Amino acid sequence: GGGGESKGRVPLSGGGPKRTDYVKKYGGSEGGGGESSSPAGGVPITTVMLKNIPCRKSQEEVMLHIDQKGFNNRYDFFYLPRDVKFRANLGYAFINFLTPEDASNFTKEEVML
């Protein structure tokens, strides 16, 4: 019978997730530890993900806590995604610091809410 054309099907371009080889793009970590604030590719890391935020905390409360830990005016972007239906945050936030040193210090500080 028919249906033979599906065998030679060419995958459509533009569909599905893109497979980016980040090791090739930015370079791998030479030391293997990966704790450096500037990876081997020379791209400084300034963005940090803060996890395990209590879901009832507001963006203002989390930012105030970060500021009180000594990072006031040390970041230019803060994003705390919220579930509007349940009026709660999703438990994580993204913070972009002005310098890789601040980002590194923030991760070492282990800011707990």
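Let us now look at the overall build of the chain. Broken down by element type, the chain carries 3 helices and 5 strands. When its helices and strands are written in sequence order, the chain yields α-β-α-β-β-β-β-α. When contacts within the chain are restricted to residue pairs at least 6 apart in sequence, those whose partners lie at least 24 apart make up 55%. When the accessible surface of the chain is split by element, carbon and sulfur atoms take 52% of a total near 8,700 Å².

In this section: helix H3 (residues 100–109). For H3, the complete set of buried residues consists of Pro100, Asp102, Ala103, Ser104 and Phe106. Downstream of H3 by a residue or two, glutamate 110 has a phi angle that is positive, lying close to 55°.

Below, the discussion takes up a nonpolar patch on the surface. A cluster of nonpolar side chains, namely Met49, Phe77, Tyr79 and Phe94, defines an oily patch on the protein surface of about 380 Å² accessible area. Note that methionine 49 resides in strand S1 (residues 47–50).

Right, let's get into the side chain of serine 104. Here serine 104 lies in helix H3. Separated by 3.0 Å, the side chains of serine 104 and lysine 108 make a polar contact.

Between its terminal C-alpha atoms helix H2 (residues 59–71) stretches only 15 Å, short of the 18 Å expected from 13 residues at 1.5 Å a residue. Considered for burial, the residues of H2 that qualify are Val62, Ile66 and Phe71. Burial along H2 is one-sided: seen end-on, the buried residues are contained in an arc of 60°. Summarising the geometry of H2, the exposed residues directed more than 90 degrees from the buried face are Glu60 and Gln68. Check the buried side of H2 and you find it contacts S1, strand S2 (75–79), strand S5 (93–97) and H3. Asparagine 73 lies just past H2 and shows a positive phi near 60°.

Checked against the element boundaries, valine 62 lands in helix H2. Taking the C-alpha atoms as reference points, valine 62 and leucine 80, separated by 18 residues in sequence, lie 8.7 Å from one another. Beyond its immediate sequence surroundings of up to four residues, valine 62 is in contact with Leu50, Ile53, Lys57, Phe78, Leu80 and Leu113.

Now for the confidence of the model for the chain. Counting all residues, the mean pLDDT for the chain is 81, and 66% of those residues have values of 70 or more. Scored below 50 in pLDDT, residues 31–37 shows 6 contacts in the model against residues more than four places distant or in partner chains.

Right, let's get into the environment of valine 48. Relative to the elements of secondary structure, valine 48 occurs in strand S1. The buried category is assigned to valine 48, whose relative accessible area is 8%. As for valine 48 and phenylalanine 106, which are separated by 58 residues in sequence, their C-alpha atoms are 8.2 Å apart. Beyond its immediate sequence surroundings of up to four residues, valine 48 is in contact with Ala93, Phe94, Ile95, Phe97, Ala103, Phe106 and Thr107.

How each quantity is defined
- Residues numbered from 1 in each chain as written.
- Predicted model: local features only at pLDDT ≥ 70, side-chain atom pairs only at ≥ 80, totals over all residues.
- Heavy atoms only, no water.
- Helix = DSSP H or I, 4+ residues; strand = E, 2+ residues; numbered from the N terminus.
- Contact = heavy atoms within 4.5 Å.
- Areas by Shrake-Rupley, 256 points an atom, 1.4 Å probe, with all protein chains shown as cover.
- Buried < 20%, exposed > 50% of the residue type's maximum accessible area, 1.4 Å probe, protein only.
- Patch = residues over 30% accessible without salt bridge, like charges linked within 9 Å, V, L, I, M, F, W, Y side chains within 5 Å.
- Salt bridge = Lys/Arg side-chain N within 4 Å of Asp/Glu carboxyl O.
- Polar contact = N/O pair within 3.5 Å; in protein donor to acceptor, adjacent residues only side chain to side chain.
- Expected span 1.5 Å × (residues − 1).
- Arc of directions from axis to C-beta.
- pLDDT = per-residue confidence, 0-100.

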